[in-house]
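# A structural walkthrough
Spelled out from the first residue to the last, the chains are:
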Amino acid sequence: MATESTEHPDRIVIYPSRWKAVLILLGASAFVALGFWIASPGIASRVGAVEKFIASYVGIPFFAACGLYAAYRIAFRRPALQIDATGITDTSHAFSPGHLCWHEVDRVVLYEYQSQPMLGIIPKDLDSFLSRQSAHVRTYAKTNLGLSVPPFNIAQVTLPTSVAELAKLIQTRYGVRVEDMRTSPTSRGDTRQPN
């Protein structure tokens, strides 16, 4: 699942799965090609304006960005996660929050979003944590809250292991509370923290 760091024996380093990154790159490339096909003059006249707009101005840039990020992760081998006694450093995707100290983490949540296994991280004081983040990370976290999911998430698709194994490691080694929302898919719970 992970490798122990030789520089810091208590640090767990988890690298992203290159095979999964290749699949994401191929899928993103296919969707970009589909977007260009829908936007082409011969097809564009047969689809509605909304579909053309979504394919051209939303789909192509979004999937191109996903593909470029996957290509970057394939070309440059850097950890997706680093876990040690101080906390967890999440760099698994472009909107990752970076380092969260264990004392800042209220709990981690196992859940599924659109059939994708996820591990959500819920800070104790979200507003304070977000105040130290960049604008795009703040927007990402607030968008997630609007979807009733945790503000920060690690997708199983990017990892060489399951998020359930990761949650168990975090709980047993560092004492972080784990909430399993997979047993009640209709009730994800409120991920916001009380004021």
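One can find the structure itself at the top, above this paragraph.
Residues numbered from 1 in each chain as written. Predicted model: local features only at pLDDT ≥ 70, side-chain atom pairs only at ≥ 80, totals over all residues. Heavy atoms only, no water.

## Examining the overall build of the protein
Secondary structure assignment for the protein yields six helices and nine strands. Pairs at least 24 apart in sequence give 61% of the contacts found in the protein among residues at least 6 apart. A total accessible area of about 10,800 Å² is found for the protein, and carbon and sulfur atoms account for 61% of it. (Helix = DSSP H or I, 4+ residues; strand = E, 2+ residues; numbered from the N terminus. Contact = heavy atoms within 4.5 Å. Areas by Shrake-Rupley, 256 points an atom, 1.4 Å probe, with all protein chains shown as cover.)

## Some details on the sheet that holds strand S7 (residues 116-123)
Across the sheet, which stays open at both edges, the four strands sit in the order S8-S7-S6-S9 with mixed pairing between neighbours. Edge positions in the open sheet fall to strand S8 (152-155) and strand S9 (178-180), since each of these has one partner strand only. Taking the axes of each pair of neighbouring strands and ignoring which way they run, one obtains an average angle of 25° across the sheet. Pairing between strand S6 (residues 105-113) and S7: eight bridges, direction antiparallel. Paired with valine 105 across the two strands is proline 123, which belongs to S7. Helix H6 (residues 163-174) contacts S6, S7, S8 and S9 of the sheet and is inclined by roughly 30° relative to S7. (Pairing = 2+ DSSP bridges. Axes fitted to C-alpha atoms, helices over the stretch in contact; angles between N-to-C directions.)

## Things to note about the environment of asparagine 153
You can see asparagine 153 is positioned in strand S8. Overall, the relative accessible area of 3% leaves asparagine 153 in the buried class. The sequence separation of asparagine 153 and isoleucine 122 amounts to 31 residues, and the corresponding C-alpha distance is 9.0 Å. A distance of 2.5 Å separates polar atoms of two side chains, one belonging to asparagine 153 and the other to tyrosine 111. (Buried < 20%, exposed > 50% of the residue type's maximum accessible area, 1.4 Å probe, protein only. Polar contact = N/O pair within 3.5 Å; in protein donor to acceptor, adjacent residues only side chain to side chain.)

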